[in-house]
Structures are given as structure tokens and as C-alpha cells.
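# Chain and residue survey
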Amino acid sequence: MPEVIKAGILGATGAVGQRFIQALENHPWFEITSLAASERSAGKTYDKAANWRLESKLPDSVKDMKVVPVDPKKVDADVVFSALPSDYAKTVEAEFAKEGFVVASNASAYRMEKDVPLVIPEVNADHLGLIDVQQDKRGWDGYIVTNPNCSTIVMVPTLKPLMQFGLESVTVATMQAISGAGYDGIASMAILDNVVPYIGGEEEKVETEPLKLLGEFDGTKIIDADIEISASCNRVPVMDGHTENIWAKMTQNPTPEQVREAFLNFNPGLGDLPTEPNPVLIVRDEPDRPQPRLDRNMGNGMGITVGRIREGIRYTVMGHNTVRGAAGASVLNAELLHKLGKL
Ligand SMILES: NC(=O)C1=CN([C@@H]2O[C@H](COP(=O)(O)OP(=O)(O)OC[C@H]3O[C@@H](n4cnc5c(N)ncnc54)[C@H](OP(=O)(O)O)[C@@H]3O)[C@@H](O)[C@H]2O)C=CC1
């Protein structure tokens, strides 16, 4: 294994691409060696190509780097983090994997493909066994590993500890931040003083991705979890942080106190991944938490805060959508791959 792992970012100039730069800036294992974006940006230095919109300073280490096209021949890296639009990711991520790159993708293009791992390290690290299946089937030297949708990833780490009580069905209502739609995703005139009760394609993802994530890997395939999920997704005027109200039905009817204990005891024991939050689930007992503005940066944006656990079972969960729900999720996946010797 190399001492420093060379990391490329595909879609480096975009909203999630910038979060990748932030996540990798002082990373102990990864070093940014390539920044790739569209033809519009290629050839320019990063500071000229990108409109840096994060609160932190644009790192000096990338400011003068030349942006390259999204082309495996132009990218120098062991692992590429993909923050590309999904339709484009479908073609390009396969080209990179074919050329021997490890692709840690944040895009939805490959999430539900049967031979592609969809992974949250704290939930289903064993699904990485699909990498061998994928490489055998497709004849690729590299491979693709994906992380889930930002609403899915906030919810599923709370469902995992509920599986021990015989989780049967879940109803979820999301309140999703505007950053999830990208900088130009929703007009200010549409979202200020407003709630939009529709996010295209989101409910389908929130209802299907958890079944794969909570499913069992039998050595060749994932057997989906047998849970019924019903979702309503809403856009709310919050900058960052997706909040979700959840109703969970379990055959064993645990008390709120048992559920609280299960959340507190949820310790996947990965142990030594640099950006893994500890604890994964932060339990708040105040009646008015979690709140996105107060809780989204817990665990450097990787912690998931849960509260309002009541009879029913009902509770509220919240996590940072472009950190835990996007760039941070892909980086954590890559850290796990490195730890397992797959990168
Ligand atoms: N896990 C999750 O739930 C989340 C996932 N996402 C996903 O992440 C991805 C990126 O989202 P976001 O950062 O908001 O998008 P942006 O529109 O902000 O950025 C898109 C990036 O892709 C590049 N790009 C676009 N089209 C092309 C092309 N044809 N060829 C090469 N490069 C191209 C852009 O380059 P340029 O600047 O040069 O145009 C830019 O770097 C999407 O798939 C989105 O769905 C986003 C948020 C959360």
C-alpha cells in the first residue's frame, strides 16, 4: 500500500466537489493530485474555474492547480471521488473503473446496480464483498463503490439498531436543506418564506436504498431487507442539514427507553478511520432538538443527531447533507477500503 494515496476529484468545481476539497485538505491518508471538471473549466487554474462558496478559505494547495478534463488519461490518482451529475456519471465512472481506478461515487447512477456496493461503513461494511463480483462480471481492473442519497444516509444509521426489535415498517417525512439541490438548484424566490412539498425522484430513493443497505450479502448478491418504507420529501429554507421525522413499527414493540438505549449503544466498532464520528448517533434529550443550525456540525459534520424519541415509536433525526450526506460519506467509504487493503 502506498504511504500517501493519490486522490482525484471528478466534478471538483461544483458544490459537492468543493466539500471534497475541504474533506481531503488535511487528510492523513489522501493527497489531492487531480481536479477534474467540464470543458468549461479544464485548462484553468482552480481558483479561476471555481466559484468557492464555502465558509473556509480555498486551500493554497489547490488554488493554482490546473483543472483537467474528466478523462482517465488526464487524471493522476489511485482513487477518484465522483461529484458528477448522475447522467454523466453513468458513462464516465465506468470508464474510470475500466482503466483501473477505484471510484468512490456520490452520484446516484450506480447505487442500485446489483453488483455495485452501496455502503455506509457503520451499517454494511461487509457489502464491499460485491467488489469481487463486480470485477468478475464486468472485467474491470478498478471498481465503483457508492454512498447513498443524503436523506437515506441520515435515516439508515438509526434504522440499523432498530433491526434487533424486528423492524417492519418505516414512515418518514423529510425537511431537506436547499444545498441538496446545488447552488443553482432552487430559486430564492421559490424557497424563501416557503416549503416545497416535492423533490424529484427523492421519495423513490429514500424508499428503496435502505432496503439494499440493510440487506444481507450472501457472498454473491444482496438480499434486500423486508421492510416497508413510505416517504414524503420536502424542501425547506435551511442552508445545510436534512431533518427527518420517523415513525418505526417493530414486532417487539420496544419502549422509547429501549430505543434510546439501542441508539446509544450503536457502536459499529470500525475504530480507527480518520473521519469516522464517535459516537455515530448523538442522542439529545431536550424536547426541541435536533435542529440543523445547532447540530449539523457535530462530529465535523459526520455525526447524526437523534432526539424526540416517543411512544409509537416516533423520533426526529438530522445530519449534514453535503458532508455526511455527500463528500464525507465517499471519503469514509474510501478510508474503509484502505483499511481493508482494497485501496
Ligand atoms: N449523496 C447525496 O445525496 C448528494 C449527492 N449529490 C450528487 O453529487 C453530484 C454533484 O452535485 P453538485 O455538486 O450539487 O453539482 P454542481 O452542479 O454544483 O457541480 C457539478 C460538477 O460536475 C461538473 N460537470 C457537469 N457536467 C459535466 C460534464 N458534462 N462533463 C464534465 N464535468 C461536468 C461541473 O463542472 P463545471 O463547473 O466545469 O461545469 C461541476 O464540477 C450530483 O450527482 C448530485 O446528485 C449532491 C448532494 C448530495
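As the structure is a computational prediction, the values presented were derived from the model and not from experiment.

Cut-offs applied
Residues numbered from 1 in each chain as written. Predicted model: local features only at pLDDT ≥ 70, side-chain atom pairs only at ≥ 80, totals over all residues. Heavy atoms only, no water. Helix = DSSP H or I, 4+ residues; strand = E, 2+ residues; numbered from the N terminus. Rg over C-alpha atoms; globule rule 2.2 N^0.38 Å. Buried < 20%, exposed > 50% of the residue type's maximum accessible area, 1.4 Å probe, protein only. Contact = heavy atoms within 4.5 Å. Lys, Arg positive; Asp, Glu negative; His and termini not counted. Charge placed at Lys NZ, Arg CZ, Asp CG, Glu CD. Near = heavy atom within 4 Å. Polar contact = N/O pair within 3.5 Å; in protein donor to acceptor, adjacent residues only side chain to side chain. Areas by Shrake-Rupley, 256 points an atom, 1.4 Å probe, with all protein chains shown as cover. Nonpolar A, V, L, I, M, F, W, Y, C, P; charged D, E, K, R; others polar. Salt bridge = Lys/Arg side-chain N within 4 Å of Asp/Glu carboxyl O.

A word on the overall build of the protein. Of regular secondary structure, the protein possesses twelve helices and 14 strands. Its C-alpha atoms give the protein a radius of gyration of 19 Å, within 12% of the compact-globule value 20 Å for 343 residues. Dimensions of the protein, computed from the C-alpha atoms along their principal axes, are close to 55 × 50 × 35 Å. For the protein, with 343 residues in total, the buried portion stands at 55%. Put simply, 73% of the contacts in the protein that link residues at least 6 apart link residues at least 24 apart. Taken as two groups, the 34 positive and 47 negative side-chain charges of the protein have centres that lie 4 Å from each other.

Here we come to the environment of Arg293. Checked against the element boundaries, Arg293 lands in helix α11 (residues 292-295). Counting along the chain gives 52 residues from Arg293 to Gly241, while the straight-line C-alpha distance between them is 7.6 Å.

So, on to the site of the ligand. Taken together, 26 residues lie near the ligand, and Thr13, Ser38, Ser41, Cys150 and Gly325 sit nearest. Within the backbone of Gly14, a nitrogen or oxygen atom sits 3.2 Å from an oxygen atom of the ligand. Within the backbone of Pro148, a nitrogen or oxygen atom sits 3.2 Å from a nitrogen atom of the ligand. Compared with its free state, where it exposes 930 Å², the ligand has 75% of that area covered by protein. For the shell around the ligand, the elements supplying multiple residues, two or more each, are α1 (15-24), α4 (86-98) and α12 (323-339). Partitioned by chemical class, the residues of the shell around the ligand number 13 nonpolar, eleven polar and two charged.

Another aspect to go through is the pattern of salt bridges. What the rule picks out here adds up to 19 salt bridges. A salt bridge links Asp47 to Lys48; its shortest N-O distance comes to 3.8 Å. Looking at Asp47, the relative accessible area reads 27%, which means it is partly exposed. Residue classification places Lys48 among the exposed positions, given a relative accessible area of 61%.

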